[in-house]
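Listed below are the residues making up each chain.
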Amino acid sequence: MSESSAEAVANAATAAVAASAAGAAGGWRRATGIAGVAIGVVAAGAAAGVALERMTVGRGMRQKARLALDSAGPYGSLRGMPGKAFADDGTELYYEVDDLDPEAAPAALGPRRRRLFGRKAPAPVTVVFSHGYCLNQDSWHFQRAALRGVVRTVHWDQRSHGRSGRGVAQGRDEPITIEQLGRDLKAVIDAAAPEGPIVLVGHSMGGMTVMALADQYPELVRERVVGVAFVGTSSGRLGEVNYGLPVAGVNAVRRVLPGVLKAMGQRADLVEKGRRATADLFAGIIKRYSFASRDVDPAIARFAERMIESTPIDVVAEYYPAFNDHDKTEALAHFADMPVLVLAGVQDLVTPSEHSEAIADLLPEAELVLVPDAGHLVMLEHPEVVTDRLADLLTRTGAVPAGATVKGYGSTSSTAQPG
């Protein structure tokens, strides 16, 4: 997208938001209808080219294609042993456990972990996966498939996402904070992995959740965490991200987006109708901000779209302010003496790879992996790279014995078969 095109989109977005504000005086139904379109443009600012692409195929044809992809794609179909944890405000947090294959257990209990924990039969390492904003635990589909039976894993849905309950505190109009997410993760660990060593893996907001856990429970990290992976995340300064927009576009987003989101969250029922009506616009925006490759499997793109669009607009709205307040740079020091993986897509527009480089600079022993031709959902776009580096991290922590082979993780190329 050229700079002039992006600037035109940003100007259009600003005008649309202004119109939505003016429309409020004439009735919420009209205002939220306009805002429903505006938010897609303002939040992403990259709709240039999307409309042109959509004009070539009829709406009915596109709807049939989406239904076909939904029925054919196996992504997000993996399920484990379900469990529930409860946050400190009573929010129900849903998680699933994939246990270690009993036949692999003897080999997995290698000498390195015996040295680390001084037990002849130590509890297995548990790898806890935390997902990002507007996603759910299924976003780790490929990594979960690859590690099944090889290592014990826990996948959970953050509050108000996936199968977890709506945030109880948010029902009382208390703002969501990244600190709260750290406490939620602690509740999940207490319920799903009450003993034994832990490896923490977090993508985007999930990485911030891991940092918040360390900030509030340093003794847990010191005593039990043996490794950590930060994927496409940031330790702070998210207010400076430009989302691939020129200056005019960034200024428009920062000026109007918080107010528009708040207004939309207050009338979520009406906005959701507008959101469905502009599904094609949202699909293009989601793809733009999730992936960088041109040949991403359409079923994967649709899978990501389905996860994101399943997040209610009021949840989208209440989380947004928390990111500007996020600063957990000092918490990274708690991970200084353990194996760390820091991985990001070079073309990530949501949490730019520079933020991962900043994390790695503060953890000199960390492995920094920057994946070319990759966007924000790098674990879906290039699962082979993410799974390979994660398997190496698990080997270094003693969670997986050296020489162990993880299962196939498939490919997201449009020419490949779903794995």
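To start, this report covers the structure provided alongside it. Note that the structure is a prediction, hence the values are computed from the model and not measured. Within every chain, residues take consecutive numbers counted from 1 along the sequence as written. The predicted origin of the model limits local features to residues at a pLDDT of at least 70 and limits the giving and counting of side-chain atom pairs to 80 or more, whereas totals for whole chains, interfaces and linings rest on all residues. Each side-chain value is worked out from all heavy atoms of the structure, with water and hydrogens disregarded.

The secondary structure listing takes helices from DSSP runs of H or I that are at least 4 residues long and strands from runs of E that are at least 2 residues long, numbered from the N terminus. If you tally the helices and strands in the protein chain, you get 19 helices and 8 strands. Note on exposure labels: buried denotes an accessible area under 20% of the residue type's maximum, exposed denotes more than 50%, and partly exposed covers the range between, all computed with a 1.4 Å probe on protein chains only. Out of the 419 residues belonging to the protein chain, those deemed buried represent 56%. Counting contacts in the protein chain only where the partners sit at least 6 residues apart, residues at least 24 apart contribute 82% of the total. Should any heavy atoms of two residues lie within 4.5 Å, those residues are considered in contact.

Tracing the sequence through the fold places Gln180 in helix H9 (residues 178-192). Taking relative accessible area as the criterion, Gln180 reaches 8% and is therefore assigned buried. Look past the residues within four positions of Gln180 in its chain and what remains in contact with it is Ala87, Asp88 and Arg159.

Interhelical geometry of H9 versus helix H10 (residues 205-216) gives an angle of 80° and a closest axis separation of 7 Å. Our classification of the angle between H9 and H10 gives roughly perpendicular. Residues Ile178, Glu179, Leu181, Gly182, Arg183, Leu185, Lys186 and Ile189 of H9 form the contact with H10, whose own contacting residues are Met205, Met208, Thr209, Val210, Ala212, Leu213 and Gln216. Axis definition: a line fit to C-alpha positions, over the contact stretch in the case of helices; interaxial angles, taken between N-to-C directions, run 0 to 180 degrees. For classification, angles of less than 35 degrees are called roughly parallel, those exceeding 145 degrees roughly antiparallel, those between 65 and 115 degrees roughly perpendicular, and all remaining angles oblique.

Only Phe, Tyr and Trp rings take part, Trp by its six-membered ring, and two of them pair if their centres are within 6.5 Å. Stacked means planes under 30 degrees apart, edge-to-face means over 60, and tilted covers everything else. A complete count under the given rule lists 6 aromatic pairs for this structure. Pairing Tyr133 with Tyr319 gives two aromatic rings, centres 6.1 Å apart and planes at 40°, and the pair type is tilted. Within this pair, whereas Tyr133 is found in the loop between strand S3 (126-130) and helix H7 (141-147), its partner Tyr319 is found in helix H16 (residues 313-325), the two being separated by 186 residues in sequence. Ring pairing ties together the aromatic residues Tyr75, Phe142 and Phe303, which thus form one cluster. In this structure, Arg288 is placed above the aromatic ring of Tyr289, and the distance from its NZ or CZ to the ring centre is 5.8 Å. Charge-over-ring contacts are defined here by two conditions on Lys NZ or Arg CZ: a distance within 6 Å of the ring centre and an angle within 35 degrees of the ring normal.

Strand order in this open sheet of 8 strands is S1-S2-S4-S3-S5-S6-S7-S8, and the pairing throughout is mixed. Looking along the sheet, the strands with just one partner apiece sit at the ends: strand S1 (81-86) and strand S8 (367-371). Taken over all neighbouring pairs, the strand axes of this sheet differ in orientation by 20° on average, direction set aside. One requirement defines pairing of two strands: DSSP has to find at least two bridges between them. Strand direction decides the pairing type here: strand S2 (residues 92-98) and strand S4 (residues 152-156), joined by 4 bridges, are antiparallel.

With that out of the way, let us pick up the environment of Leu213. Secondary-structure assignment places Leu213 in helix H10. According to the relative accessible area criterion, Leu213 is buried, its value standing at 0%. In the structure, Leu213 is positioned 31 residues away from Gly182 in sequence and 4.2 Å away in space, judged by C-alpha atoms. If near-sequence neighbours (up to four positions away) are discounted, Leu213 is found in contact with Gly182, Leu185, Lys186, Ile189, Leu200 and Leu220.

Any carboxyl oxygen of Asp or Glu within 4 Å of a side-chain nitrogen of Lys or Arg constitutes a salt bridge here. Per the counting criterion, the structure on display carries 23 salt bridges. Between Glu318 and Arg166 there is a salt bridge whose closest N-O contact spans 2.6 Å. Taken together, the residues Glu318 in helix H16 and Arg166 in the loop between S4 and helix H8 (168-171) connect sequence positions 152 residues apart. The partner of Arg237 in a salt bridge is Glu240, and the shortest N-O contact between them spans 3.1 Å. Both residues of the pair, Arg237 and Glu240, count as exposed.

So, about the nonpolar core. Ranked by size, the top nonpolar core spans 43 residues in total, and within it Val199, Val201, Phe291, Leu343, Leu380 and Leu394 carry the most contacts. Not counting residues within four places of it along the chain, the set of residues in contact with Leu343 comprises Phe230, Val231, Gly232, Ser356, Val369, Val371, Val378, Val385, Val386 and Arg389. In this structure, Leu93, Tyr95, Val97 and Ala192 belong to the second largest nonpolar core, which totals 33 residues. Grouping buried Ala, Val, Leu, Ile, Met, Phe, Trp, Tyr and Cys residues that are joined through side-chain atoms within 4.5 Å yields what is termed a nonpolar core.

Let us now look at the pairing of S1. Within a regular beta strand, the side chains point alternately toward one face of the sheet and then the other, so they alternate between its two faces. In this sheet, S2 lies alongside S1 in antiparallel orientation, the contact comprising 6 bridges. When the bridges of S2 are listed, Ala85 appears paired with Leu93. Where S1 folds back on S2, the antiparallel hairpin that results is connected by 5 residues, among which Gly90 adopts a positive phi of roughly 95°.

Of note in this structure, Ser204 is not a glycine but carries a positive phi near 55°. Note on placement: Ser204 falls in the loop between strand S5 (198-203) and H10.

Attention now goes to a nonpolar patch on the surface. There is a patch of nonpolar side chains on the surface, built from Val346, Leu368 and Leu370 and spanning about 210 Å² of accessible area. Looking at the secondary structure, you find Leu370 in strand S8. Leu370 gets classed as partly exposed once you look at its relative accessible area, which sits at 32%. Excluding any residue in a salt bridge, patches collect residues exceeding 30% relative accessible area, merging like charges within 9 Å and nonpolar Val, Leu, Ile, Met, Phe, Trp and Tyr side chains within 5 Å. Surface accessibility in these figures is a Shrake-Rupley result with a 1.4 Å probe; residues are shielded only by whichever protein chains are displayed.

Structurally, Asp138 can be placed in the loop between S3 and H7. For the pair Asp138 and Ala304, spaced 166 residues apart in the sequence, the C-alpha separation amounts to 9.6 Å. Aside from chain neighbours lying at most four places away, what touches Asp138 is Gly76, Leu78, Arg79, Arg144, Arg163, Phe303 and Met307.

With that settled, the discussion passes to the environment of Val371. Looking at the secondary structure, you find Val371 in strand S8. A residue is classified by how much of its surface remains accessible, and Val371, at 4% relative accessible area, is buried. Sequence spacing of Val371 and Val385 is 14 residues, and the spatial spacing of their C-alpha atoms is 7.9 Å. The residues touching Val371, leaving out its near neighbours within four places in the chain, are Leu343, Ala344, Gly345, Val346, Val378, His382 and Val385.

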